[in-house]
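# Geometric and topological summary
The primary structure of each chain is shown beneath.
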Amino acid sequence: MVKINSFREVIALFSAGVLGIGVNIPENIITNEMIARRFGITQEEICRKTGILERRYESPDSSLTDMCEIAGKRAIEDAGVNPKDIDMVIIGTNTHDTHITAALVQDRIGAAHCAGLDLHSGCSSFITALATGAQFVQTGLYKNVLVIAVDKCSSLLNPMDKKTALLFSDGAAAVVLGQVDKSNGILGIHMQMDGSGGKYLHLDENKHIKMDGRAVFEFAVDRFPKAVHKVLELSGLSLQEVDFIIPHQSNLRIIEAGTARLGFPIEKVHTKTIQYYGNSSAPTIAIGLHEEVKEGKIKDGDVVVLAGYGAGLGWGAIVMRWGQTSKLLI
């Protein structure tokens, strides 16, 4: 068997890049004061342990398909493509309310009879979905791929489990992947998993999120910087060439510790999502990307690393040269 050591060794007809991005942030704000009252602790203690100020919950009446539809349509509008030109829909989620979300979203957004996939890989689901979509674009099989990361963690929470109730939230985010010029787009992909750690973050017998906080913390602080280093090695880039990093928004203390171990300026690392939207699992990286692009911190030509880690235990990273305006006119 031929072993591929570098992303650049893969035969690619095109470079895959983000043409558009859209998010769906629930309006219902769950404050630290509300959580603190429930557990008899202080707001300051919650912030000290997690860095979270607020989290968002979706309405119980809203389905994953509803959440995906809004984010997907916003990404398509941002990309400036016709919904009928979407060739594939990929959904990354861990909180299925149906196993045909991609098909339902395809119908809702008005896409033609395109291909679709529903996949889940813990908190790394956006990395996995983005990497999957990129393969179809790079080979030229599909021109426009809609990737949506979505989770409704509030539906899986034990309201009296402090370890999870402090952290988890809901949200959806989408990107349209398309063909961009060779100087932009995805430059490297790295993904791994270690199933022996699956017991540290899983669903219990009541279908509630169960987490060993200390084990997950140590895993994430170790794998986050390693994933960044590995994807840069595979793409032939150095850490000094990176302009911005968007890690999974698991816990601000994990991000701070992992960034310090990486030796990268925290000012160039996204942290807003965890502080104001909480840990929504699959979509946090895409939400963070949207925030930084919207605020002008990520500009055309910037080298950006996306890093995911979580349940599985799985981890991975993608490095891209941002160039949302560099769509190929073919």
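In what follows, the structure referred to is the one given above.
Structure report, in brief. A quick note: this is a predicted structure, and the numbers were derived from the prediction, not measured.

Scoring rules and cut-offs
- Residues numbered from 1 in each chain as written.
- Predicted model: local features only at pLDDT ≥ 70, side-chain atom pairs only at ≥ 80, totals over all residues.
- Heavy atoms only, no water.
- Buried < 20%, exposed > 50% of the residue type's maximum accessible area, 1.4 Å probe, protein only.
- Helix = DSSP H or I, 4+ residues; strand = E, 2+ residues; numbered from the N terminus.
- Arc of directions from axis to C-beta.
- Contact = heavy atoms within 4.5 Å.
- Polar contact = N/O pair within 3.5 Å; in protein donor to acceptor, adjacent residues only side chain to side chain.
- Pairing = 2+ DSSP bridges.
- Axes fitted to C-alpha atoms, helices over the stretch in contact; angles between N-to-C directions.
- Core = buried A, V, L, I, M, F, W, Y, C linked by side-chain atoms within 4.5 Å.
- Salt bridge = Lys/Arg side-chain N within 4 Å of Asp/Glu carboxyl O.
- Phe/Tyr/Trp six-rings, centres within 6.5 Å; stacked < 30°, edge-to-face > 60°.
- Lys NZ or Arg CZ within 6 Å of the ring centre and 35° of its normal.

## Quick notes on helix α8 (residues 252-262)
- Taken as a whole, α8 has its buried residues at Leu252, Ile254, Ile255, Gly258, Thr259 and Leu262. One side of α8 carries all its buried residues, which in axial view fall inside an arc of 155 degrees. Summarising the geometry of α8, the exposed residues directed more than 90 degrees from the buried face are Ala260 and Arg261.
- For α8, the elements touching its buried residues are α2 (43-50), α7 (213-235), β11 (244-247), α9 (272-276) and β12 (303-310).
- Capping the start of α8 is the job of one residue whose side-chain oxygen sits 2.7 Å from the backbone nitrogen of Arg253: Asn251.
- Just downstream of α8, Gly263 is the residue with a positive phi angle, here 80 degrees.

## Thoughts on the sheet that holds strand β5 (residues 115-119)
- With mixed pairing, 5 strands are arranged side by side in an open sheet as β1-β7-β6-β4-β5. Of all the strands in the sheet, the pair left with one neighbour each is β1 (15-24) and β5. Each strand axis lies, on average, 15 degrees off the axis of its neighbour in the sheet, ignoring direction.
- Across 9 bridges, the pairing between strand β6 (residues 144-152) and strand β7 (residues 170-180) is antiparallel. Bridge pairing links Asp151 to Gly171 in β7.

## Some thoughts on the nonpolar core
- Residues Val228, Leu232, Val242, Ile245, Val305, Tyr309 and Val319 are the most contacted members of the largest nonpolar core, which totals 47 residues.
- Elements represented by at least two residues in this core include exactly α1 (32-39), β10 (209-211), α7, α8, β12 and β13 (314-321).
- Of all the elements, α7 adds the most residues to this core, at 9 residues.
- With residues up to four places along the chain from it excluded, the contact list for Val242 reads Leu232, Phe264, Val303 and Val305.

## Side note on the sheet that holds β11
- Spatial strand order, β8-β13-β12-β11: 4 strands in an open sheet with mixed pairing. In the strand order of this sheet, the two ends are held by β8 (185-193) and β11, each with one partner. Shown here is a sheet whose adjacent strand axes are inclined to one another by a mean of 10 degrees, direction ignored.
- Taken together, the 4 bridges between β11 and β12 define a ladder with parallel strand orientation. Residue pairing across strands places Pro247 opposite Ala307, the latter belonging to β12.
- Strands β8, β12 and β13 of the sheet are contacted by helix α5 (residues 125-138), whose axis makes an angle of about 130 degrees with β8.

## Some points on the pattern of salt bridges
- Taken as a whole and judged by the stated rule, the model has 14 salt bridges.
- When the shortest N-O distance is used, the salt bridge between Lys230 and Glu233 registers 3.7 Å. Here Lys230 pairs with Glu233, and both are found in helix α7, just 3 residues apart, close to one helical turn.
- Given a relative accessible area of 56%, Glu233 falls into the exposed group.
- Between Lys272 and Glu295 there is a salt bridge, with its nearest N and O atoms 3.1 Å apart. Here Lys272 is found in helix α9, whereas its partner Glu295 is found in the loop between α10 (284-294) and β12, with 23 residues between them in sequence.
- Judged by relative accessible area, Lys272 falls into the partly exposed class, the value being 28%.
- Accessibility expressed as a relative area gives 39% for Glu295, which makes it partly exposed.
- Connected through shared salt-bridge partners, Asp66, Glu69, Lys73 and Arg108 make up one network.

## Comments concerning the packing of aromatic side chains
- Applying the stated criterion to the full structure yields 3 aromatic pairs.
- Here the aromatic rings of Phe219 and Trp315 are separated by 5.9 Å at their centres, their planes lie at 65 degrees, and the arrangement is edge-to-face. Of this pair, Phe219 sits in helix α7 while Trp315 sits in strand β13, and the two are 96 residues apart along the sequence. Exposure class is identical for Phe219 and Trp315. Each is buried.
- Looking at Arg214, its charged tip hangs above the ring of Phe217, at a distance of 5.2 Å from the centre.
- Its guanidinium or amino end placed over the ring of Trp315, Arg223 lies 4.6 Å from that ring's centre, counting from NZ or CZ.

## Quick notes on the environment of Ala174
- The residue Ala174 is located in strand β7 in this model.
- It is 8.3 Å that separates the C-alpha atoms of Ala174 and Gly20, two residues lying 154 residues apart in sequence.

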